[in-house]
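Breakdown of the fold
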Amino acid sequence: MFLEIIWIVFHIIAWLQINTIDTASIAVCFLTVRPASQTLLFAEELALDGLHYDIDVFVMVDDNSYTIQSSQSSIVTILQIPNQQCITNGYHQLMYVDSRPINVSSWDKSLFYFCKLNTNYSFVWLIEDDVFIPSVDAFRVIHQLYWHTSDLVVKHVDPNLSGERESWAHWHLAYGKLVPPWFKSMVNAVGLSRRLLETVNDYIRWRGDGTYHEYLLQTLSFNQNMTVVSPIELDTLVWGYIHSWEDIKKKANNWWHPVKNLTAHTAWRRRLVRNMDSNLKKNSRQWFQLKPVCNNHDNSTIIESRLHKLVVTFNQNKIYLSSEERRSLRQHFLCLAQQCQTQEDFKSASMIMENLADNTYKLPEPKWTTINNKSLSHLIIEKELLQNKQYIFQFFEYIDVIKWFREVATNLTMMLTNEIQREMKQIKLQPKTKKLVSLQINKIDTATVAVCFLTVRPASETLLFAEELALDGLHYDIDVFVMIPNQQCITDGYQQTMYINSRPINISSWDKNAFRVIHQLYWHTSDLVVKRMKSNMLGELKSWDHWYMAHEKIPPPWFNSMTNGVGLSRRLLDAIRDFIGWRGISTFHEYLLQTLSMHLNMTVVTPIEFDTLSWKQRYSFEDIKKKANNWWHPVKNLTAHTNWRRRLVRNMNSNLKKNSRQWFKLKPVCNNHDNSTTIESRLQKLVVTFNQNKIYLSSEERRSLRQHFLCLAQQCQTQEDFKSASMIMENLADNTYKLPERRNSLAKKMSHGNTIRIPFRWPNVNVFTFGKSSLYGYDSSNHCLFVQSSIQFVNTTDIAHDCLHFSSSPKWPIRKLILNEDETSLALLADKTVYLVYLPQSNSDKHHYSPSKGSHLCPIFRVPPPLSSSTPINCSLIDFVWLTSNHFIIVYSAPSSSNCHLYSIRSSRSDGVEYLHTFSVGGIPSNTQFNTPSKKISLHQPSDIIKLDMTKRQTKDSAIILLFAMKTDGDIFLMEIDENQLLNNHFIDGEFRGPIPILPSTFDNYGVSQNQSTLVCLAKSACPLVIFTPNRIQLHQCIILSPSRNQHHLFTIDCLSFPNNQPGQIITSIVPDRFISNKYYITDSNANIYVIEISWIDQIQQGSQQLQSTKIQHLIKGENSNNKIMNEIEQLSSIQIDNDGYCLAVIVKTQTTEEKELILIRSQLSNSISNSEIIVSEAKSSEFLLRLRSILARDQTIPFVTLRSSTINISDFDLEKNVLQYIKIFTEQYIQKQEKVRQEIDNKQRYLAEFYQTHLNENKQLNDRFQQIQNQFQTLSKQYQQECLRRKRLSSRVSDLLSTIEQSIPVLSDEEIRMQQQLESYQVQIDCLRKQIEQIQEFISFNQNQDQLGNTSMENMQNFVRNHRNQIDQMKQQLENIQTHQ
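Residues numbered from 1 in each chain as written. Predicted model: local features only at pLDDT ≥ 70, side-chain atom pairs only at ≥ 80, totals over all residues. Heavy atoms only, no water.

Turning our eyes to something else, we now look at the packing of aromatic side chains. As enumerated under the stated definition, the model contains 47 aromatic pairs in all. A ring pair is formed by phenylalanine 314 and phenylalanine 333, whose centres lie 5.7 Å apart and whose planes are at 80°; its orientation type is edge-to-face. Here the residue phenylalanine 314 occupies a position in helix 12 (residues 300–317), and phenylalanine 333 occupies one in helix 13 (residues 323–341), the gap between them amounting to 19 residues. Of the two residues, phenylalanine 314 and phenylalanine 333, both sit in the buried class. The interplanar angle of 75° and the centroid separation of 5.0 Å between the aromatic rings of tryptophan 544 and tryptophan 547 together place this pair among those described as edge-to-face. Put simply, the rings of Tyr96, Trp168, Trp171, Trp182, Tyr212 and Tyr215 pair up and form one aromatic cluster. (Phe/Tyr/Trp six-rings, centres within 6.5 Å; stacked < 30°, edge-to-face > 60°. Helix = DSSP H or I, 4+ residues; strand = E, 2+ residues; numbered from the N terminus. Buried < 20%, exposed > 50% of the residue type's maximum accessible area, 1.4 Å probe, protein only.)

We now examine the pattern of salt bridges. Side chains that differ in charge, positive against negative, can pair when their charged atoms come close. Evaluated as defined, the whole model comprises 32 salt bridges. Across the pair arginine 140 and aspartate 137 runs a salt bridge whose closest N-O atoms are separated by 2.6 Å. Here arginine 140 pairs with aspartate 137, and both are found in helix 5 (residues 136–146), just three residues apart, close to one helical turn. Arginine 140 gets classed as buried once you look at its relative accessible area, which sits at 17%. Arginine 1286 serves as the salt-bridge partner of glutamate 1283, at 2.7 Å between the closest nitrogen and oxygen. Taken as a pair, glutamate 1283 and arginine 1286 lie in helix 32 (residues 1212–1304) at a separation of three residues, close to a single helical turn. We classify arginine 1286 as partly exposed; its relative accessible area is 41%. Through salt bridges that share partners, Asp49, Asp137 and Arg140 make up one connected network. (Salt bridge = Lys/Arg side-chain N within 4 Å of Asp/Glu carboxyl O.)

Turning our eyes to something else, we now look at the packing of helix 26 (residues 676–693) against helix 28 (residues 723–736). Between helix 26 and helix 28, the shortest axis-to-axis distance is 10 Å and the interhelical angle comes to 5°. Taken as axis vectors, helix 26 and helix 28 run roughly parallel relative to one another. Residues Ile679, Glu680, Leu683, Gln684, Leu686, Val687, Phe690 and Asn691 of helix 26 form the contact with helix 28, whose participating residues are Ser724, Ala725, Ile728, Met729, Leu732, Asn735 and Thr736. In the contact of helix 26 with helix 28, the residues fall into nine nonpolar, five polar and one charged. (Axes fitted to C-alpha atoms, helices over the stretch in contact; angles between N-to-C directions. Parallel < 35°, antiparallel > 145°, perpendicular 65-115°, else oblique. Contact = heavy atoms within 4.5 Å. Nonpolar A, V, L, I, M, F, W, Y, C, P; charged D, E, K, R; others polar.)

Okay, the sheet that holds strand 36 (residues 945–954) next. Within the open sheet, the three strands sit side by side as 36-37-38. Their pairing is antiparallel. Pairing within the sheet leaves two strands with one partner each, and these edge strands are strand 36 and strand 38 (972–978). Averaged over all pairs of adjacent strands, the angle between their axes in this sheet comes to 20°, without regard to strand direction. With nine bridges connecting them, strand 36 and strand 37 (residues 959–967) associate as antiparallel partners. By the bridge assignment for strand 37, methionine 950 is matched with leucine 963. (Pairing = 2+ DSSP bridges.)

A surface patch of nonpolar side chains, about 350 Å² in accessible area, is lined by Leu1290, Val1294, Leu1298 and Ile1301. Relative to the elements of secondary structure, leucine 1298 occurs in helix 32. (Patch = residues over 30% accessible without salt bridge, like charges linked within 9 Å, V, L, I, M, F, W, Y side chains within 5 Å. Areas by Shrake-Rupley, 256 points an atom, 1.4 Å probe, with all protein chains shown as cover.)

Moving on, we get to the nonpolar core. If you look at soluble globular proteins, the nonpolar side chains tend to sit buried side by side. Formed by 61 residues in total, the largest nonpolar core has its most connected members in Phe114 and Leu126. In terms of residue count, the dominant contributor to this core is helix 16 (residues 399–428) (seven residues). When residues no more than four places from it in sequence are discounted, the contact partners of phenylalanine 114 are Ala27, Cys29, Phe58, Thr119, Tyr121, Val124, Leu126, Arg194 and Leu197. Among the nonpolar cores identified, the runner-up in size contains 34 residues, and Phe42, Leu46, Tyr146 and Trp255 belong to it. (Core = buried A, V, L, I, M, F, W, Y, C linked by side-chain atoms within 4.5 Å.)

Another aspect to go through is the confidence of the model for the protein chain. For the protein chain, the mean per-residue pLDDT works out to 76, and 77% of the residues sit at or above 70. Looking across the protein chain, the model is least confident in strand 53 (residues 1174–1175), with a mean pLDDT of 28, and most confident in strand 10 (residues 189–193), with 95. Every residue in residues 429–447 is under pLDDT 50, and counting partners more than four places away or in other chains gives 36 contacts. Contacts for the low-pLDDT stretch residues 1189–1209, under 50 throughout, to residues beyond four places or in other chains number 23 contacts. (pLDDT = per-residue confidence, 0-100.)

Before going further, it helps to examine the pairing of strand 26 (residues 802–806). Burial analysis of strand 26 places five of its five residues in the buried class, the great majority of the element. Where burial is concerned, the two faces of strand 26 agree: the one with Asp802, Leu804 and Phe806 and the one with Cys803 and His805 are both buried. Here strand 25 (residues 784–788) pairs with strand 26 via four bridges, running antiparallel. When the sheet's bridge partners are listed, valine 787 is paired in strand 26 with aspartate 802.

Right, dumping it as C-alpha cells:
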C-alpha cells in the first residue's frame, strides 16, 4: 500500500511539472477544436523561428476527449482546459454561431488561460485554425512592427456611436453589457497586450461573464483609451468569402480567412516559396530612392496605372524591410503624396500614395468621442457604475451580494445606454447645425483634467493666474487647484519627494493660451509631459549628486530632468501610488516620474517649449520676448509674472493669427539659386517668426505642419551643401509637434567612443562562451545552443542568431562552455561529466555576416569516464582543457583526483570519442636534481589537482605543448607534449615533472589555500608566460626557463598587488588575450575590469638592459558599492570584429533586474598607469639570460655574494655580515612558512566546525522531512482504510440488491413454456380463420349482387347457401373445440 501511495504522489508531481510553462514575453495561440496536422506543422515552424525573438507557441484544443500524442513536438505547448473551470470563472459564451451562443469554446479557454492562468506574457496573438498565414516571415513582420506600441491589433473597426441595435444582428447582445459607443470587427486573428488582457479579466470579474468577442475586445480598448491598430494586411480577414490561389498570390503577405481546406495551407505555402523572387531582397533599398511620381510629362491615367503596379510590387517586397525601415518609408511616401496634392489632376494619385504609406506602416486608429457636454443624469449613472465595480471587487467572496450588484450593473448600463441615445437625438435635432457636427471624429478626449499650482503660501499673482486659467478651462473641462503642504502626506508615505527647500511656484507662462496649446497638443496621447531627459543606463552614481538616492529605491536605467512643470496621466499617477504603497516612502521626484514612465513603457513627450525650464538660469524680458510661448523657470519675482504677461499682450501682433495658414504654403527652401549661408539665415528668421505664430495653430494643424516641415527637410538632405538647413527644418518640425521619446534602444554608446553597450535578451541562457568573432549561449530550458555568428562594433541593432538543437538533451545541468581552437567542437561541462557537440561547418567562411536566422541539428556525445565500471556515482568533474582541435584532457575526482585522462575525438566511433592514456601528477619524480626541496610540513596527503592550463612554445620544426597542473598545496607540475606526435596518433611517453621551483623562493606558491590560488597561461609564443595568484589579491608574472633538458623553472619577473578597498574584494578571473601573447584581462568581485600588458617580455627576448613596467588600464569601473553587488560579469573574452580589428567582449548581468548587456571595448594602453619599474643590472645582451640561468643553479634561500677571481679570503667582517644576513632571511622565511601552516590549520578547524554544524542542520532537516513524510503516510493510510471500508459497504449493498432483484423475478416451468408456445401457434391459426371468414363474407356479398342482376334460379341459390352454412357450422365446431382445448 505504501508503494501505491508513493506512486500516486510521484504522478501528481509529474503532472504539475508538465503543466508548468516557462515564461516568455510573447505568446501565439492557435484556436482549434481538434488540431489538424497542418496546424501543428505550421505551429512548429513558428515556434522554431520564435526562438530567436522570444515567442512561445500554444495550440488550444476545444475537444477535451482529444488525446495528445507523446510524439508531438515539445516546442509547441498543447493546452486543454475543462469546460466547467471556464464556466466557474465566467469565461463562457464569448463565441456565437448563427446568433446562437456556444457555451464554452476555444475562445473562452484561450482568454481564460492568458487572462488568469498564465499572466507572464506581455503580448498574446490568438489565431483561429482556418486563418491562412502565408509564411513565418509574414507573421514575424506584422508582429515586430506593431506589438510593442499597440494594445489591440485587429482588422479595421466599425463604430456604433449611438448604441442602436438594428445595423447588425449581434448588437442586441451588447445592450446591458457595455456602454456605447460600441465597436466591432472580425477577430479571427488578433493581438492583445497584457494591459488589454487585464482589462478583459477585470470586466469578467465585474459582470460575472463575458459577451460576444467580436465587439467586446474592440469596445473595451477604445473606451479605455488604448492603442488600436488595424494593419492593411488584415483586410483579407472576411466572413463568407472563398479565397483562391490567384487572390493569395497578389497579396502574398496578407492574412486570409476563411480557408477551411487546411491541406491547401501547406500546398500554398510551398508554391509561394517556389515563386519567391530572390532579387526582391537585394532591391529592398530602392524604395528610399523613389523619386516624385507626379509630373507634368504624363497624364493622370498613366501615373495611376504606374502607381498600381508599384503597389503590387511593394506588397511582394515589404516583407524584407525591417520595422524601422518601414516607419521611415511611410514618411517618404507621404512626402511624395503631398507633392501630388499640389496639382489638381493628381488627387487620385495622391490617395494611392497615402494608401501605400498605410500599407507600409499603419498608424493607430484615432480616438472617438460622441458627446462633449454630458448631462447630469449621464454623469450620475457613470459614477454609480464606477462605484458598483468597486463594490463587486471589494465583496467578491460574497456570492449573493455580488449577484445582486451585477444585476444592478446591468440595469445601470441599460439606463446609461438609453441616456446616451437620448443625448444623441438632441444633438441631431439642434437647429443651428442641421447636421451631426458633434459626431465627427475628435482626437481630443473629454475626460477631466486638473492643473495644480505648488506653493508654500499662495501669492496673489499665483492666485490671479490660476483664476484666469480656471475661467478659460471651463470651455475644455479643466479644474484648477492650488496646493498647500500639510502633515497627512507623511502618514501615507508621500514624503521626501523634494530634496531642496520648498518654494513658491516659479514657472511663468505668459498667457493662458500658451498653456492651452501645450495641453491640448500632448495630454491625450502622453503619460508624462516633461523637459528633455538625461539617461543613466548603468546606474552610475557619480554623474549627478542625487543618484545615490535612487541606488536603493529603483533599479537602473535611470532618467532625470527638471520637473518644475510636468503633466501626468492617470496611468502614471496610479503607478506612483503603487510604488509608494510598495516601498512605503517616495523618492526624489526629478528621477522618480521619468524612471517609472520609461520602465513601464509609457509615452513620454519632451516639448521644445520646456527647454527653458532650468535650475539657476536668470531670465530677462528680452529672453521671454524671443520665445514668447515657452515655459520659464526660475522666475522668482512673482510680480514680474503679471507685468510680463501684460507687456506681451500689448506687443502681440494681431496679424499673426490671420496669417497662420501661410505655413502650409511654404515652398521648398533649399534651391541652387542661393548659397547655404543665405538659406540658413533665412531659416533662422523663419524659426523666430514661427515661435511667435504657432500659438494660433490648432493641434491638428500643428501635427499636419510637422509632416510638411519634414518633407522640406528631406528635400534639403538630397543636396550635400544643405545638411545644416535640413537640420534646422527638422528642429522646426520638433518645435511644431514633438514625437514621444523612443521606448526601446538596442544599443547605447558610452561617453567614450571605444565602448558600446548592447542590451540583449536570450531567454533561459545563463552560460556563455566567445569564439574568435562569435558568441555561444546554452539554453537550459530547451537544451539548445544560441549562436551569434558575427559580432560587429557598429551594427548594434542586428542581434539575429542561429539556434542549434541537440540530437539528445544533456542529463546534467551545464555550468561552462569551452570551444576548441578551430571552433569545430564545443565542450559542455557539467558537475559530473562532459558533453561534446560537433558544430555545423560550411564551405565558405564560417563567420561571414548573415542577417538570416537558421536552425540546425547537432550531434552531442557524452564523454565516458576512463574506468566507468569502477567509477563511483559521486564522481565529479574538476577541470577540462583542449590540447589541440581533436585532443583534450579531463580531471575527475574519482578514482583519483591526481590523474589526467587524455581523449581524442573520433567521429567514426559510435560514442564520438576515444580514451587514449592516463597521466599521474605528483608521483615519484624521475629526476629530482632540480626539484623543489622536500617539504617537511604537509597537510594535504595526497594533494589533488585543482587547475589545468596549457600553452605552446614555438620551435623551428613544431610546437611543444606545455601542460601545467596546480595542486591543492600550491605545487605546480609540468608536462611537455610534442604536438606532431599527438596529431599523428603516436604514443605519448611524457610525464608530469615537478613540483617546478618558483624563483626567487620568496614567491614560492607552496602552502596557499586551494580556494585562493589559480594559474593561467598566456597565448603561445617563443617565450611562454605564466600568471598565478596565491591569494586572489597578488598576481605573479613568470617566464618559463629551462636550464637543461627536462628541467623547468618559473622565474617571477613582476608582482602586481591590487588594493583591497572593500572586504571580500578579490580577483575573480584571469582571461588571456587570444590574439596578443603578452596581454590579459582580470576581473574582481566588484565587477571591475582591467587590461594588463606585459611589455618586458619583448625586452627579455631582445636582451635589453632595462625592463619596462607592466602597463595597466582600468577598462570598466564596477558600480557595486555599499557591499551590494549590482552587476555580475558572466563572460569575458577578446574577439575579432569584422574588418575592424580586435576588442574585448563582456557579458554583464544586472542582479536586480536580471537583464544582460554585451559590452564591446577597444582598450588603449598609451595613457595607462605604470605599476613599477624593474631595473636590471647592466650586462650585455647575451649575458642577461645566462645570468638568470646561473641563478637557477643556486638555492635562493641562502644569500649569494659574488666572489672575485683572486685567491684572497673573505674578511671576518664580511663573513659575519653574510652569516647575520643568512640568519635574518632564514628566520623570516621560517616564520612566514609557520604562519602559513598555522593559518591553514585554523582554516581546517574552522572548516571542520562549519562542516559539523552543517551536518547537524542537514540531519535536523532530514528528520523534520522524514517526520512530515511519516505524518503524510499516516494520513494517507487512514484515508486508504476509510476508502476500503466504504468500498466493502458498497459491495455488500450491491450484493443485497442483486439478491433482491433475483427473488422478485418470477420463474417459469418447462410445461408453462410449452403451453405458451402452443397458445402462440393457436393464435396464428385463429388469425388465418378470421381472414378466411372475411373472404367468405366478401364472396357472399358478391353473389348477392349477382343474384339481383342475373336470372339465377332460387333453387341453386338455396343449395349454395345450404352448402356454405354447413361449412360455416363445421368451422364453428372446430373453433369451439380449439377454445375448449385451450
